[in-house]
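In case you want the letters, here they are:
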Amino acid sequence: MSSFATVQVPDAQGHFGPYGGRYVPETLMHPLQELEAEYARSQQDPEFRREFEYYLKEFCGRPTPLYFAERLTRELGGAKIYLKREDLLHTGAHKINNCIGQILLARRMGKTRIIAETGAGQHGVATATVAAMFGFKCVVYMGAVDCERQALNVIRMKMLGAEVVAVKAGQQTLKEAINEAMRDWVTNIRSTHYILGTAYGSHPYPLMVRNFPRVIGDEARRQILEKEKRLPDLLLACVGGGSNAIGLFYPFLQDEAVRMTGVEAGGEGIIAGKHAARFQGGSLGVLQGTRSYLLQDEFGQVQLTHSISAGLDYAAVGPEHAWLRDQNRVSYTYATDTQALDAFQKLARLEGIIPALESSHAIAEAIRVAPGMDKSQIIIVNLSGRGDKDVAQVASNPQFAANTSFRP
Ligand SMILES: *Cc1c(COP(=O)(O)O)cnc(C)c1O
């Protein structure tokens, strides 16, 4: 594991080993270079750091607690489980960490208009929020299917003054929303900054959307050392594009004894078209500006994906995750819809916390592995968001009424 002390990723062109890079039409090269340069400058500027930290604290509510889930721990009878409470942030998920960073960059670049894509709507809400707070025009692209299953978030975005464009192409979910956002960006480059919502896309996005959310792991590391006087044994996080996971994992990568597992969406099981677990049956490909693991057929056509959680329902995974998997530094597994729903209910009833369906995938893995671990061991689960947006969907799921796997 010495490679983590010596290899700097990404390299200057945004490569994480064979992954990452910049696969875009000529017209997007310039804005990406402009963004890269401004990001690099901002990282040298203590004033940027100060502003970033100010808004995270005063507007978003950082630091978030690292909460000992005592009843869940007792119920499972193994490792101690701590929850990193990103669900308590303003707007209800970790996404706002990245949005604050990017809106500050947009302001420095003199942009006046913000665009974003969104799947579950959490990133759209976070973007609409920072755009309102800083006085930017805001347009959010969202698949028409996602607009329907996350209607509450569509209303929230509109209330915050954003225009929401329902994208009706293709599968009408996140991939198509990103295509539309990129089309808009090409057309309105001078005025517009594109706030991409995850650790994906062309360089420098995967780098930036690791370094803004890494505040999650930086805090968690400090907090666990304070509470337990030692590092955790295992970190768990769900992986859509990969921002909440890399945000938690990154500051621990050099700690060899800390194991990490990313949890993808297993949907209805690992059958083509029924899941979004890119490391289960995915292969190397290029999608939406970067090279990574991708669910595609033998002709390179992007496969349909399915997950009960819109925020994990995407055909590709962030390039740094692909690289960390190759290095055997992080392992990747999946939880099915059924397991995520079970975890959702268990956390609600045992801890009084209704988690996002995305985060429920990480909880499901904790439920699976904690009983086999020693009581002296420690797991940190990234509770990436709260479940308010998901209550209608869960309530209408037959499993909600029929659940017999849990008795309080
Ligand atoms: C968007 C979202 C995710 C997935 O995105 P990542 O970039 O993989 O973190 C996970 N949890 C919640 C609550 C989300 O809103």
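Look above for the structure.
This one's a predicted model, so the numbers in the text were calculated from it and none came from an experiment.

Conventions we followed
- Residues numbered from 1 in each chain as written.
- Predicted model: local features only at pLDDT ≥ 70, side-chain atom pairs only at ≥ 80, totals over all residues.
- Heavy atoms only, no water.
- Pairing = 2+ DSSP bridges.
- Helix = DSSP H or I, 4+ residues; strand = E, 2+ residues; numbered from the N terminus.
- Axes fitted to C-alpha atoms, helices over the stretch in contact; angles between N-to-C directions.
- Contact = heavy atoms within 4.5 Å.
- Buried < 20%, exposed > 50% of the residue type's maximum accessible area, 1.4 Å probe, protein only.
- Polar contact = N/O pair within 3.5 Å; in protein donor to acceptor, adjacent residues only side chain to side chain.
- Core = buried A, V, L, I, M, F, W, Y, C linked by side-chain atoms within 4.5 Å.
- Expected span 1.5 Å × (residues − 1).
- Near = heavy atom within 4 Å.
- Areas by Shrake-Rupley, 256 points an atom, 1.4 Å probe, with all protein chains shown as cover.
- Right-handed = clockwise from strand over helix to strand, strands pointing away.
- Phe/Tyr/Trp six-rings, centres within 6.5 Å; stacked < 30°, edge-to-face > 60°.

## Focus: the sheet that holds strand S14 (residues 378–383)
- Across the sheet, six strands lie side by side as S3-S4-S14-S9-S10-S13; this open sheet has mixed pairing. In this open sheet, the two strands that pair with only one neighbour each are strand S3 (66–68) and strand S13 (331–336). The sheet shows a mean angle of 30° between the axes of neighbouring strands, taken without regard to direction.
- The pairing of S3 with strand S4 (residues 80–85) spans three bridges and is classified as antiparallel. By the bridge assignment, Leu66 is partnered in S4 with Lys84.
- Sheet strands in contact with helix H14 (residues 337–351) are S3, S4, strand S10 (259–267), S13 and S14, and its direction is about 85° off that of S13.
- Packing against the sheet, helix H15 (residues 357–369) makes contact with S4, strand S9 (234–238), S10, S13 and S14, and its axis sits at approximately 145° to S9.

## Looking at the pairing of strand S12 (residues 290–294)
- Most of S12 sits out of view: four of its five residues are buried.
- Pairing of strand S11 (residues 283–287) with S12, which is carried by five bridges, proceeds in the antiparallel orientation. Of the residues in S12, the one forming a bridge with Leu287 is Thr290.
- Linking S11 to S12, which pair antiparallel, is a turn of two residues; within it Gln288 sits at a positive phi near 50°.

## Regarding the side chain of His321
- For His321, the location among the structural elements is in helix H13 (residues 319–326).
- From its side chain, His321 meets the backbone oxygen of Gly242 in a polar contact 2.9 Å long.
- Here His321 is in contact with Val239, Gly241, Gly242, Ala245, Ile246, Phe249, Phe279 and Tyr332, once residues within four sequence places are set aside.

## Thoughts on the nonpolar core
- Formed by 90 residues in total, the largest nonpolar core has its most connected members in Ile100 and Tyr194.
- Looking at which element gives the most residues to this core, the answer is helix H5 (residues 95–108), with seven residues.
- Here Ile100 is in contact with Phe52, Tyr55, Leu56, Phe59, Cys60, Val130 and Met133, once residues within four sequence places are set aside.
- Core analysis: the next-biggest nonpolar cluster, separate from the first, contains 25 residues, Ile81, Leu83, Ala366 and Met373 among them.

## Regarding the sheet that holds strand S6 (residues 137–143)
- The strand order across the open sheet built from four strands is S7-S6-S5-S8, with neighbouring strands paired in parallel fashion. Only two strands of the sheet have a single partner each, and these edge strands are strand S7 (163–167) and strand S8 (192–194). Here the average twist between neighbouring strands, direction ignored, is 20°.
- When strand S5 (residues 113–118) meets S6, the two strands line up parallel, connected through six bridges. Following the sheet pairing, Arg113 is matched in S6 by Lys137.

## Regarding H14
- The terminal C-alpha atoms of H14 lie 21 Å apart, and with 15 residues this matches the ideal 21 Å at 1.5 Å per residue to within 8%.
- A positive phi of about 70° marks Gly352, the residue just after H14.

## Focus on the site of the ligand
- Around the ligand there are 18 residues in total, and Lys95, Thr198, Gly240, Ser243 and Ser384 lie nearest to it.
- At 2.5 Å from an oxygen atom of the ligand is found a side-chain nitrogen or oxygen belonging to Thr198.
- Protein contact buries 97% of the 380 Å² of open area that the ligand shows by itself.

## Digging into the pairing of S10
- The buried fraction of S10 is high, at eight of nine residues.
- Pairing analysis gives five bridges linking S9 to S10, with the strands arranged parallel. Looking at S10, one finds that Leu235 is bridged to Met260.
- The handedness of the S9 to S10 crossover, carried by helix H12 (residues 243–249), is right-handed.
- Bridging between S10 and S13 involves six bridges; their strand directions are parallel. Residue Ala265 lies in a different strand from S13, and its bridge partner there is Ala335.

## Quick word on the environment of Asp218
- Inspection of the secondary structure puts Asp218 in helix H11 (residues 215–228).
- Its relative accessible area of 25% is what places Asp218 among the partly exposed residues.
- In the structure, Asp218 is positioned 54 residues away from Ala272 in sequence and 37 Å away in space, judged by C-alpha atoms.

## Let's talk about the packing of aromatic side chains
- Under the defined criterion, the tally for this structure stands at 13 aromatic pairs.
- Taking 6.2 Å as the distance between ring centres and 50° as the angle between the ring planes, the aromatic pair formed by Tyr19 and Tyr293 counts as tilted. Here Tyr19, found in strand S2 (residues 19–20), pairs with Tyr293, found in strand S12; they are 274 residues apart in sequence, far enough to count as distant.
- A relative accessible area of 4% means that Tyr19 is categorised as buried.
- Plain terms: the ring middles of Tyr39 and Phe212 are 5.8 Å apart, the flat faces sit at 85° to each other, and that makes the pair edge-to-face. Highlighted residues: Tyr39 in helix H2 (residues 26–43) and Phe212 in the loop between helix H10 (205–211) and H11, separated in sequence by 173 residues.
- Since its relative accessible area comes to 3%, Phe212 is described here as buried.

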